[in-house]
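Given next are the chains, with one letter for each unit.
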Amino acid sequence: MNFTSLKDIPTIETQNFLLRGISLEDAESLYSFMSDRETMKYITPFPVTTLEEMENKVNDSIESFLRQKEIPWVIIHKADNELIGMFRFHKLHLWHKKTEMGAVIRDDFQRKGVMTEILKPLLEFGFLTLQLNRIVGDLFASNKGSQRLMGKFGFHKDGQLRQTDFDGEEYHDTIVYSLLKSEYDAQNKGR
């Protein structure tokens, strides 16, 4: 399958979670945690402040999918059917066969293995279905949990970029991690 033939965002299921395409109806649930400064501290210093702003972000993500620049999912906890996060491949470039990952997990589900469980099928989708060559994680240097996650999945630390993000008070370094298709194939040989 080729990304250009995707008309809808595919559903991905794991033991505990369901990832499905984002929709405008998800805006209120997303707003409940994406408006929280603490939850968003490694993403942006300026989280959404109104439901309308969240609706606009959801619409932007859907439009980006239609332009083949992003694939946005919401993460549903199957046990209670609650929306507990968002994951997206963004900065998607099909000619260069690369994308960047972005995720936000509701505070009460952080540090509980959500990303560890969902990342394996997402990487499989990226490398095998989309036929990407490079998947990137661009993280605040202070985000130690995500750095450990990148290491667990064999991502290479490409480098640290100095003072790339400003939060209104101070500058933050970011660390770029990447996983190449050849590295993914080597890790999954014989599985």
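Everything discussed here concerns the structure shown above.
Residues numbered from 1 in each chain as written. Predicted model: local features only at pLDDT ≥ 70, side-chain atom pairs only at ≥ 80, totals over all residues. Heavy atoms only, no water.

Mind showing me how you'd approach the pairing of strand β5 (residues 98–105) here?
In summary, the side chains of a regular strand alternate between the two faces of the sheet. Within β5, six of the eight residues are buried, which leaves the element mostly enclosed by the surrounding structure. Note that strand β4 (residues 82–93) and β5 share seven bridges and pair antiparallel. Counterpart to F89 in the pairing with β5 is M101. Taken together, β4 and the strand that follows it, β5, pair antiparallel across an intervening segment of four residues, in which K97 is found at a positive phi of about 55°. Here three bridges tie β5 to strand β6 (residues 134–140), and the two strands are oriented parallel to one another. When the bridges of β6 are listed, K98 appears paired with R134. Crossover β5 to β6 through helix α3 (residues 114–129) is right-handed. (Buried < 20%, exposed > 50% of the residue type's maximum accessible area, 1.4 Å probe, protein only. Helix = DSSP H or I, 4+ residues; strand = E, 2+ residues; numbered from the N terminus. Pairing = 2+ DSSP bridges. Right-handed = clockwise from strand over helix to strand, strands pointing away.)

Explain the pattern of salt bridges to me, please; I cannot follow it from the model alone.
Opposite charge on two side chains makes pairing possible when the charged atoms of those side chains draw close. Tallying each qualifying case throughout the model produces 10 salt bridges. Residues E63 and R67 are paired through a salt bridge, measuring 3.8 Å at the closest nitrogen-oxygen approach. Residue class for R67 comes out partly exposed when judged on its relative accessible area of 47%. Several salt bridges share partner residues, and in doing so they unite E82, R106 and D108 into one network. (Salt bridge = Lys/Arg side-chain N within 4 Å of Asp/Glu carboxyl O.)

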